[in-house]
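# Per-entry structural report
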Amino acid sequence: MKRTVLAASLSLAVSGLLIAGAGSPASAADPARPHPPKADKGQAVQDARDSIAAHPQAVRASSYDTFKSASVQVDKDGTRHVHMTREYRALPVLGGDVVVHSAPSGAFRESTLTLKESLSLEVTPQVSAQRAETLAQERFQGKRASTASKLVVDALSGTPRLAWQVTVDGIAPDQSPSHFNVLVDALTGEVGQTWNDFHTANGTGHGYQVGDVPLTTTAISGGYQLKDSTRGNGETRDAQNLTATNDSPPAGWGKAFTDTDNVWGNGSLSDRATVAADAHFGIQATWDYYKNVHGRSGIKNDGVGARSFVHYGNNYANAGWDDTSFSMIYGDGAPGDKPFTELDVAGHEMSHGVTSATAGLNYFGDAGGLNEATSDIFGTLVEFNANSPADSPDYLIGEKISSTPLRFMDDPKKDGVSQSCWTTGTKNLDPHYSSGVGNHFFYLLAVGSGSSQWGNSPTCDGGTVTGVGNDAAGKIWYRALTTYMTAGTTYPDARTASIKAAIDLYGASSGQCAAVEKAWSGVAVVPTATTCGGGTTPPGGSNLFSNPGFESGAVNWTASTGVITNDTGRTPHSGSYYAWLDGYGSAHTDTLSQSVTVPATAAAPKLSFFLAIDTKETGTTPYDTLKAQVVYGTTTTTLATYSNATPGGYTQRTLDLSAFKGKTVTIKFTGTEDSSAATSFLIDDTAVTTG
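Because the structure is predicted, anything quoted here is derived from the model rather than measured.

This part covers the layout of surface pockets. Taken as a whole, the second largest pocket encloses approximately 1,100 Å³ of empty space. Taken together, 39 residues line the second largest pocket, and the ones lying closest to its centre are Leu94, Asp197, Ser356, Gly360 and Asn362. The set of elements that each furnish at least two residues to the lining of the second largest pocket consists of β3 (65-74), β4 (80-88), β5 (91-94), β8 (143-154), β9 (161-171), β10 (177-185) and α4 (343-357).

Shown next, in the form of structure tokens:
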């Protein structure tokens, strides 16, 4: 199909379907790929709205549904992923959220959701809000502060129903802030699912110090304050052994830590600033991990830093993240113990905020375990990224808080309560224990099965898993979380999400994707319809190209706008991404290149790639051409020229590089199209090998 400079559109009328914020009828995206529009978030949201209007069944949209964007991710090549919340007859739908995935052209690709059918139910309650609040209050334990309720559609499990979502705020018996949620059937009064929006690390507090660390502070009149302007003004404050009167520490609550010499604490508990240094370093280390590894600027990716409150409560033996106030709290622990300020605890708790700002995983069922596992995973990766001499990185959670770690990632069941292998009953456990399945999966993916310096990890299926390392495993989990998971994601859904993420990043034929499959099988999560595809081994051994199948987008390549893509207007040879040069039907030139060093010792260096040629030209005159070239210094050598005269599907081409042994060269593809009919040159699975 011809690529057009401007996308044609087909106006559609979707009876009764409302797209929040849309001021005109939605239009379906043209499957022919135009020059990619600017990949901004506003365009991404519009793409998602158009996709829902054009494909309502793909998101199980009824005629009474409206959708609002919750978070937006735009990949480097312009692919868009928009997480949207759903309302039915103006009521929030719990479990109705959806991620709409659009190609760089705006064309709809797929959706991720847990809702099985379109909604159809009455929204007039038979049970009063007052009665629902009374039922919820009866189940709350602690000191109650306030109660609020709202009508929702509960689509979290079973048949969707009208419900009151009652939130009871207060202080739990252990002094933790509590945002206790209860779903009450609005027709029968039956009490359903309950959960707490305040997340804690489960265990007794025996904190430790992070040792001598650099801290970024702010100069004020007469000295310094524990506020980091380089990380979104993240601040550490003294709770003065109080609990917040409204159960969430507001901005300005507590007391600022100030100092005249910019030296904080003395390494012992005799100085209140000692644990403040721990907590402040936790803010820095967590921010730096997400920024440097994932390009995420702060917990909500909005450049805003979090607050930490130390010395919270009286002998409070816990730590936690409160999403309502966007803050961390740390207690001093039980009498005679140390504060709960371990680095992986800080990373764990603040990662709850990242989860809340992205997938929004529920805090019950399988999703609750995945929520907790995500925090354990990223808390561990924060610890590895910081690599502090005072806290050698490991795959234990809270190991410095007490003599026994809170959780073991290599074999979670070692704590006596967590699960290492998934079952259909996992969803019924406390999230701190059902998280064991996700923790075990990540350990297998990063480290592998069997004995290592980090532990001894068995598999539930008796298989062997070879780890891919923290970097690849962390990037796969982050993309799965932020791109493919929704509030109600189950463990099988997470298997699907992480396989898709691995394919996106490394390719369907990659070792990373295969390891994801083996690691999930290693924790007894059964295969789904989504699997890694077959691949092609480049001739002559290992590949000198980086990102050879383009599965990380434009990373490591230099290309014309829109060349590296996963646009569904054409198909890749393998994986999701490929390079699409030309195809516009107008005078146009596209280029694609990457530099490599061909070893002087190479026996028979070669360039190989799969090429497909799709043309609207006729005859044997080469109007449109693709040149495979090598640039060395100021000299460009054309190895081969392909044209519209020989169209066909993907065929592997192999070219000799012997003349360039011992040289650093640029491998370049140049596609040139005239002003007549369109010709598309599709390249995938490239390789430079030594022979």
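Before going further, it helps to examine empty space enclosed by the protein. Any empty space left between the atoms is revealed when a probe the size of a water molecule rolls over them. Applying the stated rule across the entire model yields two cavities of 30 Å³ or more. Examining the composition of the lining of the largest cavity, we find that four residues originate from one element, helix α3 (residues 273-294), more than from any other.

All told, the structure shown has 25 aromatic pairs when counted by the stated rule. On the numbers, 3.8 Å between centres and 10 degrees between planes, the contact of phenylalanine 441 with tryptophan 520 is stacked. With a gap of 79 residues between them, phenylalanine 441 in helix α6 (residues 431-446) and tryptophan 520 in helix α9 (residues 511-521) connect regions that are remote in the sequence. Both residues of the pair, phenylalanine 441 and tryptophan 520, count as buried. Centroid distance tyrosine 491 to tryptophan 520: 6.3 Å. Interplanar angle 65 degrees. Geometry classified as edge-to-face. Of this pair, tyrosine 491 sits in helix α8 (residues 491-506) while tryptophan 520 sits in helix α9; the two residues are 29 residues apart in sequence, bridging distant segments of the chain. Grouping aromatic residues by their ring pairs yields a cluster made of Trp253, Phe309, Tyr312 and Tyr316.

Per the counting criterion, the structure on display carries 17 salt bridges. Between arginine 479 and aspartate 504 there is a salt bridge whose closest N-O contact spans 2.9 Å. One end of the pair, arginine 479, is in helix α7 (residues 470-484); the other, aspartate 504, is in helix α8, with 25 residues separating them in the sequence. For aspartate 504, a relative accessible area of 3% puts it in the buried group. Through salt bridges with shared partners, one network takes in Asp75, Arg479 and Asp504.

Turning next to the state of the cysteines. By definition, a disulfide links the sulfur atoms of two cysteines through a covalent bond. The final tally for this structure, using the stated rule, is two disulfides. At a sulfur-sulfur separation of 1.9 Å, the disulfide partner of cysteine 421 is cysteine 460. The chirality of the disulfide connecting cysteine 421 with cysteine 460 is left-handed, given an S-S dihedral of about -90 degrees. With cysteine 421 in the loop between β23 (407-408) and α6 and cysteine 460 in the loop between β25 (455-457) and α7, this residue pair connects regions lying 39 residues apart in the sequence.

Formed by 76 residues in total, the largest nonpolar core has its most connected members in Phe378, Phe441, Met485 and Trp520. Sort the elements by how many residues they give to this core and α3 lands first, with ten residues. Discounting residues that sit within four places of it in the chain, tryptophan 520 has contacts with Phe441, Trp477, Tyr491, Ala494, Arg495, Ser498 and Val525. Among the nonpolar cores identified, the runner-up in size contains 30 residues, and Val630, Leu655, Val665 and Phe669 belong to it.

We now examine unusual backbone geometry. Glycine aside, negative phi is the norm for most residues, and most peptide bonds take the trans geometry. You will see that asparagine 315, though not glycine, has its phi angle at about 60 degrees, which is positive. Following the sequence through the fold, asparagine 315 ends up in the loop between β19 (307-310) and β20 (319-322). With a phi angle near 50 degrees, aspartate 685 is a residue other than glycine that sits in the positive phi range. Looking at the secondary structure, you find aspartate 685 in strand β35 (residues 679-689).

Axis separation between helix α5 (residues 365-386) and α8 bottoms out at 9 Å; the angle between their running directions is 50 degrees. Considering the angle they form, α5 stands oblique to α8. Packed against α5, whose contacting residues are Asp366, Gly369 and Leu370, the element α8 presents Tyr491, Pro492 and Ala494 at the interface. When its residues are assigned to classes, the contact of α5 with α8 shows four nonpolar, one polar and one charged.

Picture the strands of a sheet paired through backbone hydrogen bonds; they go either parallel or antiparallel. Spatially, β13-β14-β18 is the arrangement adopted by the three strands of the open sheet, whose pairing is antiparallel. Pairing within the sheet leaves two strands with one partner each, and these edge strands are β13 (218-220) and β18 (258-259). With two bridges connecting them, strand β14 (residues 223-225) and β18 associate as antiparallel partners. Within β18, the position partnered with glutamine 225 by the bridge is threonine 258.

What follows covers the environment of serine 420. As for its position among the elements, serine 420 is in the loop between β23 and α6. Taking the C-alpha atoms as reference points, serine 420 and aspartate 685, 265 residues apart in sequence, are found 37 Å from one another. Residues contacting serine 420, with those up to four places away along its chain left out, are Asp411, Pro412, Lys413, Val437, His440, Cys460 and Val523. Only 2.8 Å separates the side chain of serine 420 from the side chain of aspartate 411, close enough to count as a polar contact.

Once that is clear, we can look at the pairing of strand β31 (residues 625-632). Remember that side chains alternate between the two faces of the sheet whenever the strand is regular. Summarising the sheet, β31 and strand β32 (residues 635-643) pair through eight bridges and their orientation is antiparallel. Bridged to tyrosine 632 within β32 is threonine 635. As consecutive antiparallel partners, β31 and β32 are separated by two residues, and within that stretch glycine 633 has a phi angle of approximately 65 degrees, a positive value. With seven bridges connecting them, β31 and strand β34 (residues 664-673) associate as antiparallel partners. Bridging across to β34, threonine 625 finds its partner in threonine 672.

What counts as what
Residues numbered from 1 in each chain as written. Predicted model: local features only at pLDDT ≥ 70, side-chain atom pairs only at ≥ 80, totals over all residues. Heavy atoms only, no water. 1 Å grid on protein atoms, 1.4 Å probe; cavity = no way out; pocket = protein on both sides within 12 Å on 5 of 7 lines; lining within 4 Å. Points joined across faces, edges and corners; volume = space filled by probe spheres on them. Helix = DSSP H or I, 4+ residues; strand = E, 2+ residues; numbered from the N terminus. Phe/Tyr/Trp six-rings, centres within 6.5 Å; stacked < 30°, edge-to-face > 60°. Buried < 20%, exposed > 50% of the residue type's maximum accessible area, 1.4 Å probe, protein only. Salt bridge = Lys/Arg side-chain N within 4 Å of Asp/Glu carboxyl O. Disulfide = S-S within 2.5 Å. Core = buried A, V, L, I, M, F, W, Y, C linked by side-chain atoms within 4.5 Å. Contact = heavy atoms within 4.5 Å. Axes fitted to C-alpha atoms, helices over the stretch in contact; angles between N-to-C directions. Parallel < 35°, antiparallel > 145°, perpendicular 65-115°, else oblique. Nonpolar A, V, L, I, M, F, W, Y, C, P; charged D, E, K, R; others polar. Pairing = 2+ DSSP bridges. Polar contact = N/O pair within 3.5 Å; in protein donor to acceptor, adjacent residues only side chain to side chain.

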